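Observations on the three-dimensional arrangement
Residue-level listing of the chains:
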Amino acid sequence: MILLDGKKASAIVQETIAKEVSSIKKQGKRPPHLVAILVGKNGASVTYVNNKVTACERVGFNSSIIELPENVTQDELLKKIKELNEDNNIDGFIVQLPLPKHINEQEVLLSINPDKDADGFHPTNFGRMALGLESFIPATPYGILELLTQYQIPTEGKNVVVIGRSDIVGKPISILLSQKPWNATVTLTHSRTHNLTDYTKKADIIIAAIGIPNFLKAEMIKDGVVIIDVGITRVEDSSSKKGFRIVGDVDFENVKEKTSHITPVPGGVGPMTIAMLLKNTLNAYIRNQKR
Ligand code: GUN
């Protein structure tokens, strides 16, 4: 079994980005600037946003967090987004999800300038991605593709089973892997799929993104499968300093020996997501400079 080390693979991507930023700065230009909008104080969201900003600083980007209260109105949030859309010194920005229930997430995502949509969540970018046109690719699917590439895992003609149909991971990774140059045969399964094991048992590659801790069990897979675990659920753990630990969608301890490659949680897909958000920001900067 080979562990797919997301920390290592992410560091490789970040080193390349850092070199490009250094060359940009040497030319006397300002570096790329990413802004994250954080609404409320959801513990996981605060951690993710802080990790993103820290990563920006590590590669030499400018970055900032706009913190808005949990009870911010949708209009106030849309006003802030309009300001960022129009600010030439901001190359890309993200609105950390989930948003409070009183805010319509789709309306918010629709209001983002697609050229600054570093998360690739705007329908324009999703549509362009689905058509194989140049677009921002959502960071988690993009990170999975980068991990498969770095470890030279073949996808052409392979049976890929994706578990979970979220707009952020399941749907886009299914579309991407079915396209050129990946050329996989993709089955998108979800919580209503009948006899899921019939699919997972035949899979050469499984992407688990259903958000249920330890969901994928050893008896559901064949020997030699490649497993990408996208799950990052916080589970109470009084023995941990933080009071919780992060658990993936895969029953890692019982599954790992049957696999040819598997991502750990944490340290697998998570760090890749951050690296690819930086890559999207650098691309947004390059576009912005051309305008
Ligand atoms: N919430 C969970 N994952 C993500 C992500 O990749 N981007 C944003 N904006 N919110 C998220």
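I will try to describe carefully the structure that is included in this document. (Residues numbered from 1 in each chain as written. Predicted model: local features only at pLDDT ≥ 70, side-chain atom pairs only at ≥ 80, totals over all residues. Heavy atoms only, no water.)

Some remarks on the sheet that holds strand E8 (residues 225–229)
- The strand order across the open sheet formed by six strands is E1-E11-E8-E7-E5-E6, and the pairing between neighbours is parallel. Each of the sheet's edge strands pairs with one partner strand only, and the pair in question is strand E1 (2–3) and strand E6 (185–189).
- One ladder, built from two bridges, connects E1 with strand E11 (residues 259–262); its direction is parallel. Of the residues in E11, the one forming a bridge with Ile2 is His261. (Pairing = 2+ DSSP bridges. Helix = DSSP H or I, 4+ residues; strand = E, 2+ residues; numbered from the N terminus.)

Focus: the nonpolar core
- Grouped together as the largest cluster of nonpolar side chains are 47 residues, with contacts concentrated most on Ile17, Phe61, Ile144, Leu177, Ile207, Ile228 and Val230.
- Per element, the largest residue contribution to this core is nine residues, and it comes from helix H10 (residues 269–290).
- Those residues within four positions of Val230 in sequence are excluded, and the remaining contacts are Thr140, Ile144, Val169, Ile207, Ala208, Ala209 and Val269.
- Formed by 19 residues, the second largest nonpolar core is a distinct cluster that contains Ile37, Val39, Leu84 and Leu97. (Core = buried A, V, L, I, M, F, W, Y, C linked by side-chain atoms within 4.5 Å. Buried < 20%, exposed > 50% of the residue type's maximum accessible area, 1.4 Å probe, protein only. Contact = heavy atoms within 4.5 Å.)

Section: the packing of aromatic side chains
- Under the counting rule described, the total for this entry stands at zero aromatic pairs.
- When the ring centre of Phe136 is taken as origin, the NZ or CZ atom of Arg287, which lies over that ring, is 4.3 Å away. (Phe/Tyr/Trp six-rings, centres within 6.5 Å; stacked < 30°, edge-to-face > 60°. Lys NZ or Arg CZ within 6 Å of the ring centre and 35° of its normal.)

Some remarks on the packing of helix H1 (residues 6–26) against H10
- For the pair H1 and H10, interaxial distance at closest approach is 8 Å and the crossing angle is 20°. When the interaxial angle is binned, H1 and H10 end up roughly parallel. For the crossing formed where H1 meets H10, the hand is left-handed. Between H1, through Gly6, Lys7, Ala9, Ser10, Val13, Gln14, Ile17, Glu20 and Ile24, and H10, the contact on the second element is made entirely by Pro271, Met272, Ala275, Met276, Leu278, Lys279, Leu282 and Tyr285.
- Classifying every residue of the contact of H1 with H10 by side-chain character gives eleven nonpolar, three polar and three charged. (Axes fitted to C-alpha atoms, helices over the stretch in contact; angles between N-to-C directions. Parallel < 35°, antiparallel > 145°, perpendicular 65-115°, else oblique. Left-handed = near helix turned anticlockwise from the far one by under 90°. Nonpolar A, V, L, I, M, F, W, Y, C, P; charged D, E, K, R; others polar.)

Considerations on the site of the ligand
- Looking at the ligand, the residues that line it are Lys52, Val95, Gln96, Leu97, Asp119 and Phe121.
- Between the ligand and Val95, the relevant distance is 2.8 Å, taken from a nitrogen atom to a main-chain nitrogen or oxygen of the residue.
- Here a nitrogen atom of the ligand and a side-chain polar atom of Asp119 are 2.6 Å apart.
- Contact with the protein chains removes 82% of the 280 Å² of surface that the ligand exposes when unbound.
- Looking at side-chain class alone, the shell around the ligand contains three nonpolar, one polar and two charged residues. (Near = heavy atom within 4 Å. Polar contact = N/O pair within 3.5 Å; in protein donor to acceptor, adjacent residues only side chain to side chain. Areas by Shrake-Rupley, 256 points an atom, 1.4 Å probe, with all protein chains shown as cover.)

Description of the environment of Asp75
- Positionally, Asp75 belongs in helix H3 (residues 74–86).
- As a C-alpha pair, Asp75 and Ile227 span 152 residues in sequence and 42 Å in three-dimensional space.

A closer look at the side chain of Ser174
- Structurally, Ser174 is set in helix H7 (residues 170–178).
- On the basis of relative accessible area, Ser174 is assigned to the buried category, the value being 8%.
- When sequence neighbours within four positions are dropped, the list of residues in contact with Ser174 reads Val162, Val186 and Leu188.

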